[in-house]
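Summary of the model geometry
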Amino acid sequence: MAFDAEATKRCSLMTPDAMAEADRRTIAAGTPETTLIDRAARASLRVLRSEFTRRPVTILCGPGNNGADGLRLGEMLVDAGWPIEVICLGEPPSAERHRGLDGRLRPTGTFAPGPGALVVDALFGAGLSRPVEGEARALIEKLEFAGASVLSIDLPSGIDGATGEVLGIAPQADVTVTFHRLKPGHLLGEGARRCGKVFCADIGLQYREGDASALHNAPELWRHLLANGARETHKYERGHTVVVGGPGFMGSASRLSAYGASVSGAGAVTYLAPLSSAEFAGTVFDAVMVRPMTGPEALEELAEGKASSIVIGPGMGHGALSRDCLHTALASGLPCVVDADALTLYEDEPSKLFSALHEGCVLTPHEGEFARLFKGVEGDKLSRAKAAAARCGATVLLKGSTTVIAGDGLPVINTNGSRSLATAGSGDVLAGLIGGILAQSVAPREAAAAGAWIHAEAARSAGPSLNADRLPRRIAGVIDRLVS
Ligand SMILES: NC(=O)C1=CN([C@@H]2O[C@H](COP(=O)(O)OP(=O)(O)OC[C@H]3O[C@@H](n4cnc5c(N)ncnc54)[C@H](O)[C@@H]3O)[C@@H](O)[C@H]2O)[C@@H](O)CC1
Ligand SMILES: [K+]
């Protein structure tokens, strides 16, 4: 079961190159470039007026169409009676480019924004092609200490729209207005931090299948998949997740996974407990079924029977039983969430793990586990997750305040994470939650996307006192609201 097709179009993220292509297509189909610039400037004006009171405005304009948007916005502000000045990089713009700005153009050396001013950053957008240096850098440096408010057009100048990385230098914007679709760079790394509040305006560009390079995670993509599960009546039709438990004191992490699975909407959860923790597990769980496990046969038996997904790794340890269970889980062919100790068991010989994985698996590493397992995979978060998924042949969910999911189909960027999630055991709950969604016949990328968003949403309105024990109850509330 897949993402909703219409929502996929709305949640698409486009690289700067794809955006330039959509721009060319729209112009070739009969919309003049000046009309697009006009619409972009008008959208910027709307946002500017809604976010800022009247004040002195300095517009910094670059040599390309980002600068053209800025110049056109300047003309509109003059018409609206705002006090503005315009500073252009390089050669002064041709008279045609700035018809309504006579007497407002200033040389770059005069740029001295005061604390109450508003600076419109229209230096570079989608056409940024190299690190920002020289005059442009000097302007952005001045902004850093000025205390002025900043509205960036399209992107804070210097942010790479494809990756979110800073090329040279980039300002900290309060507000960013972009057009048509967000770019990955609005959501990743420094880009996410530097954009401030992001607005995306429709300027009448045509959308075409194949334009997207990633998706911005949102419930509209996958809500229907959860609702499908809710309509089934028999518990085993709603899926059965098996959580492989950990021994002794380490068992708590896997118990958190079982709690995560138990609120996922799956019909049943079985906790397979090593003998050292079985009795205790039996006393703490009610809704989760507990089965003692002396060897991997217990897992094999469930996998051949009623189980429809497996969660393996949290609190499992690195012993012989762990290895046996991991092999059994992966060999079963059932959808598996591979987390924590299951990721680090083979960190010295990852190819052994990769060759046992299959396309129904979801790996859920945090940055540390990722670096150990996918040695040599570097770059921005989106590229790394994609490279890792290609290397291991499974879905990879790379955790963080922004989480990236890469697997079959377009990668997904999840951005509703908050600091409250940075608490011990939170990842164990997530592994169980995704396992429970997988059990309901949801495909791996889709289950991981749903799990990441729901998990983050459950913590979003919580304060720093949130602990992993309280997370499952909040997750249940989020899911119930989504499917009601
Ligand atoms: N594609 C679209 O959908 C639309 C784009 N519009 C605007 O057009 C922008 C893209 O325009 P362009 O493709 O002209 O690109 P930009 O205006 O972002 O920048 C390209 C120009 O900057 C120079 N440049 C790039 N990096 C530099 C650096 N580090 N230092 C100095 N110079 C550098 C290039 O040589 C080129 O002259 C978008 O960001 C947006 O603001 C809008 O006008 C309307 C529609
Ligand atoms: K810009």
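Going by an unreviewed UniProt entry, the protein carries the name Bifunctional NAD(P)H-hydrate repair enzyme and comes from Parvularcula lutaonensis. UniProt, in the comment section headed Subunit (unreviewed entry), describes the protein in these words: "Homotetramer."

As a further point, take the sheet that holds strand β2 (residues 57-61). Judged by pairing direction, the sheet is parallel, and its 7 strands sit side by side in the order β4-β3-β2-β5-β6-β7-β8 without closing on themselves. Where the open sheet ends on each side, the last strands, each with one partner, are β4 (105-106) and β8 (197-201). Examined bridge by bridge, strand β7 (residues 175-179) and β8 share 5 bridges and lie parallel to one another. Of the residues in β8, the one forming a bridge with Val-177 is Phe-199. The strands that helix α4 (residues 65-79) touches are β2, β3 (84-88), β5 (118-122) and β6 (149-153); relative to β2, the one it contacts most, it runs at about 155°.

In this section: the environment of Val-377. If you trace the backbone, Val-377 turns up in the loop between α15 (367-373) and α16 (381-392). Distance in space between the C-alpha atoms of Val-377 and Arg-391 is 9.6 Å, their sequence separation being 14 residues. Sequence-distant contacts of Val-377, defined by excluding residues within four places in its chain, comprise Arg-384, Ala-387 and Ala-388.

Glancing now at the UniProt feature "domain: YjeF N-terminal" (unreviewed entry) in the protein. UniProt records the feature "domain: YjeF N-terminal" (unreviewed entry) for residues 19-211 in the present numbering. Taken end to end, residues 19-211 comprises 35% helix and 17% strand; its first and last C-alpha atoms sit 8 Å apart.

The next thing to look at is the environment of Leu-302. Assignment of secondary structure puts Leu-302 in helix α11 (residues 297-304). Given 20 C-beta atoms within a 10 Å radius, Leu-302 is considered buried. Separated by 60 residues in the primary sequence, Leu-302 and Val-242 have C-alpha atoms spaced 7.8 Å apart. Apart from the residues lying within four places of it in its own chain, the contact partners of Leu-302 are Val-242, Thr-270 and Ala-307.

In this section: the site of ligand 1. Surrounding ligand 1, one finds 31 residues, the nearest of these being Gly-64, Asn-65, Asn-66, Gly-125 and Gly-127. Listing elements by their share of the shell around ligand 1, those giving two or more residues are α2 (16-28), α3 (33-51) and α4. Take the shell around ligand 1: its biggest share by element is 5 residues, from α4. Residue composition of the shell around ligand 1, grouped by class: 18 nonpolar, 9 polar and 4 charged.

Our next topic: the nonpolar core. With 104 residues, the main nonpolar core has Val-244, Ile-312 and Val-362 as its most contacted residues. Here this core gets 10 residues from one element, more than from any other, and that element is helix α18 (residues 444-460). The two domains that each donate at least three residues to this core are domain 1 (12-213) and domain 2 (219-483). Leave out the neighbours within four places in its chain, and Ile-312 touches Val-244, Cys-325, Leu-326, Ala-329, Cys-336, Val-338 and Ala-342.

Moving on to the sheet that holds strand β13 (residues 309-312). The sheet built from 11 strands is open, its strands ordered β1-β9-β18-β17-β16-β15-β14-β13-β10-β11-β12 with mixed pairing. Each edge of the sheet is formed by a strand with only one pairing partner; in this case those strands are β1 (12-13) and β12 (289-293). Inspection of the sheet shows strand β16 (residues 395-398) paired to strand β17 (residues 403-406) by 3 bridges, in the antiparallel sense. Directly across from Leu-398, in β17, lies its bridge partner Val-404. Helix α10 (residues 275-284) rests against β11 (268-274) and β12 of the sheet, and its axis sits at about 140° to β11. Running at roughly 155° to β13, helix α12 (residues 320-331) makes contact with β10 (240-244), β11, β13 and β14 (336-338) of the sheet.

Parameters and conventions
Residues numbered from 1 in each chain as written. Chains lettered and ligands numbered in written order. Predicted model: local features only at pLDDT ≥ 70, side-chain atom pairs only at ≥ 80, totals over all residues. UniProt positions renumbered as here; feature names shortened; annotations may be inferred. Pairing = 2+ DSSP bridges. Helix = DSSP H or I, 4+ residues; strand = E, 2+ residues; numbered from the N terminus. Contact = placed C-beta atoms within 7 Å. Axes fitted to C-alpha atoms, helices over the stretch in contact; angles between N-to-C directions. Buried ≥ 20, exposed ≤ 12 C-beta atoms within 10 Å, placed from the backbone. Near = placed C-beta within 6 Å. Nonpolar A, V, L, I, M, F, W, Y, C, P; charged D, E, K, R; others polar. Core = buried A, V, L, I, M, F, W, Y, C linked by C-beta atoms within 7 Å. Domains from an automatic or database assignment.

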